[in-house]
Amino acid sequence: MIKRQPATISVWTGRILSALVVVILLTDAAVNLFAPHLLKAEMAAVGFPADLAPVLAMLMLLCAAAYAYPPTSVLGAILVTGLFGGAICLHLRIGEIGSPPQLVCLAIGLMAWAGLFLRDANVRAVLPVRRSA
């Protein structure tokens, strides 16, 4: 078991990045749940029926909850990565290579892992970063 250390700048940076990821997921889920009509054109463009918006919202809420709850945060980061990786592939399938939605999805996935890495000593122990002498 890793000994608890006082919060440092990197831990707080990790918490802020993680909070941003959760807020992004909750915001996207809210739009999918409460205003799916706003997404109708975008969903049709990628081949999704608009009535799947609540299902996507529930998946986002599940990812956000798993990521925000410390005992399941690693599983949550894996789920977040899978969710946004699927979105990247979806945009690739319709011919949007390097599009803003793909870059945003990539950035959110990186933020999820960076936030977890900075705030969780156990993750840092498993995923060490080499430092030159």
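Not measured: the values here are computed from a predicted model.

So, how was this worked out
- Residues numbered from 1 in each chain as written.
- Predicted model: local features only at pLDDT ≥ 70, side-chain atom pairs only at ≥ 80, totals over all residues.
- Heavy atoms only, no water.
- Helix = DSSP H or I, 4+ residues; strand = E, 2+ residues; numbered from the N terminus.
- Buried < 20%, exposed > 50% of the residue type's maximum accessible area, 1.4 Å probe, protein only.
- Areas by Shrake-Rupley, 256 points an atom, 1.4 Å probe, with all protein chains shown as cover.
- Lys, Arg positive; Asp, Glu negative; His and termini not counted.
- Charge placed at Lys NZ, Arg CZ, Asp CG, Glu CD.
- Contact = heavy atoms within 4.5 Å.
- Axes fitted to C-alpha atoms, helices over the stretch in contact; angles between N-to-C directions.
- Left-handed = near helix turned anticlockwise from the far one by under 90°.
- Nonpolar A, V, L, I, M, F, W, Y, C, P; charged D, E, K, R; others polar.
- Phe/Tyr/Trp six-rings, centres within 6.5 Å; stacked < 30°, edge-to-face > 60°.
- Lys NZ or Arg CZ within 6 Å of the ring centre and 35° of its normal.

Visitor: Sorry if this is basic, but what is going on with the overall build of the protein here?
Guide: A tally of helices and strands in the protein yields six helices and zero strands. Listed by position from the N terminus, the elements making up the protein come as α-α-α-α-α-α. The principal-axis extent of the C-alpha atoms belonging to the protein is close to 50 × 30 × 20 Å. Every one of the 133 residues in the protein was classed for burial, and the buried ones make up 27%. When the accessible surface of the protein is split by element, carbon and sulfur atoms take 73% of a total near 8600 Å². Here the protein contributes 9 positively and 5 negatively charged side chains, and the mean placements of these two sets differ by 21 Å.

Visitor: Would you explain the side chain of Q102 in this entry?
Guide: Looking at the secondary structure, you find Q102 in helix 5 (residues 100-119). On the basis of relative accessible area, Q102 is assigned to the buried category, the value being 7%. When neighbours within four sequence positions are excluded, Q102 is seen to be in contact with I88, H91, L92, E96 and I97.

Visitor: How should the environment of G115 be read in this particular structure?
Guide: Secondary-structure assignment places G115 in helix 5. C-alpha separation for the pair G115 and L20, spaced 95 residues apart in sequence, amounts to 9.2 Å. When sequence neighbours within four positions are dropped, the list of residues in contact with G115 reads G14, L17, S18 and Y67.

Visitor: When you look at the packing of helix 1 (residues 9-34) against helix 5 in this model, what are you seeing that I'm missing?
Guide: Each pair of packed helices can be summarised by the angle the axes make with each other and by the distance between the axes. Where helix 1 contacts helix 5, the axes come no closer than 7 Å and their chain directions differ by 145 degrees. Crossing of helix 1 against helix 5: the hand is left-handed. In this structure, helix 1 uses S10, V11, T13, G14, R15, L17, S18, L20, V21 and I24 to contact helix 5, whose residues at the interface are I108, M111, A112, A114, G115, L116, L118 and R119. Of the residues that constitute the contact of helix 1 with helix 5, the class distribution is 11 nonpolar, five polar and two charged.

Visitor: For this particular structure, what's the right way to read the packing of aromatic side chains?
Guide: Two aromatic rings are characterised by how far apart their centres lie and by the angle between their planes. Tallying each qualifying case throughout the model produces zero aromatic pairs. Sitting over the ring of W12, R15 keeps its end group 4.7 Å from the ring centre. Its end group placed over the ring of Y67, R119 keeps NZ or CZ at 5.2 Å from the ring centre.

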